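# Structural characterization, general
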Amino acid sequence: MKKIIIGFFVVVVLMQFWPVDRSNPESDAALEIEAPAEIKAILEKSCYDCHSNKTTWPWYSYVAPVSWLVAYDVEEAREHINFSEWGTYNKKQQNHAKEEICDEVFEGEMPLPKYLKLHSEAALSEEQKQVIKAWALQEDVEADTAQVEQE
Ligand code: HEC
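The present account deals with the structure reproduced in this document. (Residues numbered from 1 in each chain as written. Predicted model: local features only at pLDDT ≥ 70, side-chain atom pairs only at ≥ 80, totals over all residues. Heavy atoms only, no water.)

### Structural notes on the packing of aromatic side chains
Stated formally: Under the pairing criterion, centres of Phe, Tyr and Trp rings, with the six-membered ring standing for Trp, must be within 6.5 Å; the plane angle then separates stacked pairs below 30 degrees from edge-to-face pairs above 60, leaving the rest tilted. Relative accessibility under 20% of the residue-type maximum defines a buried residue, over 50% an exposed one, and the middle range a partly exposed one, all with a 1.4 Å probe and only protein chains included. Distance and angle both matter: a charge sits over a ring if NZ of Lys or CZ of Arg is within 6 Å of the ring centre and within 35 degrees of the ring normal.
Summed over the entire model, instances satisfying the criterion amount to 5 aromatic pairs. Look at Phe 8 and Phe 9: their rings are 5.7 Å apart centre to centre, the planes differ by 75°, and that puts the pair in the edge-to-face class. Across the pair, exposure class does not vary: Phe 8 and Phe 9 are exposed alike. Through pairs of rings, three or more aromatic residues link up here, namely Tyr 48, Phe 83, Trp 86 and Tyr 89. The ring of Phe 106 carries Lys 133 above its face, with NZ or CZ at 5.4 Å from the centroid.

### A few points about the site of the ligand
As a reminder of what qualifies: Neighbouring residues are identified by heavy atoms, a residue being near a molecule or strand if any of them is within 4 Å of it. As used in this structure description, the phrase polar contact means that two N or O atoms lie within 3.5 Å; if the pair is within protein, one of them must be able to donate a hydrogen and the other to accept it, and residues adjacent in sequence are counted only when both atoms belong to side chains. Helical segments are the DSSP runs of H or I of at least four residues, strand segments are the runs of E of at least two, and each set is numbered from the N terminus.
Neighbouring the ligand are 18 residues; Cys 47, Cys 50, His 51, His 80 and Met 110 lie closest to it. Taking His 51, its side chain carries an N or O atom lying 2.8 Å from a nitrogen atom of the ligand. Between the ligand and the protein, one listed contact pairs an oxygen atom with a side-chain N or O atom of Glu 100 at 3.3 Å. Elements that contribute at least two residues to the shell around the ligand include exactly α3 (66–80) and α4 (91–106).

Structure representation (structure tokens):
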């Protein structure tokens, strides 16, 4: 029994040496999402830890194996939507992203529920959701007319 416990601790200690990518890549400030201050504030407070290059890495992101999960989530999140690189998406992609943002927020899928357990301040009120929705829909229409004008 003692050997098993010691073995367990050795494994946990060794886990800490496995490298974890907690980098916040440099990105051009011009690519940052442009949105009304109210929207920007919501995104920064509730989404930026995962969906931007400005992640605030919490203490538990330094403790394996939790650190592996956190780093994985951030990597996945940035691949889907990275608000620090929003300018690299074309209009169509941006509109699609906005639709998804609206869906995810209303379905309660985002911010990730497990994240909210430790970051209750990131939870969205019904009012904040409505603000997001209005923003997402409004921009869609603007982009559609822009496309028609181009044709
Ligand atoms: C704790 C990290 C985390 C936070 C905070 C977070 N997300 Fe995500 N998000 C993810 C991960 C991981 C994925 C990709 C995997 C998935 O779909 O669950 C994702 C995917 C998404 C997607 C794409 C879904 C799809 O199916 O393609 C949208 C849209 C999204 N997030 C919006 C948001 C918005 C808006 C916020 C803030 C209100 C937010 N997320 C906050 C981690 C996060």
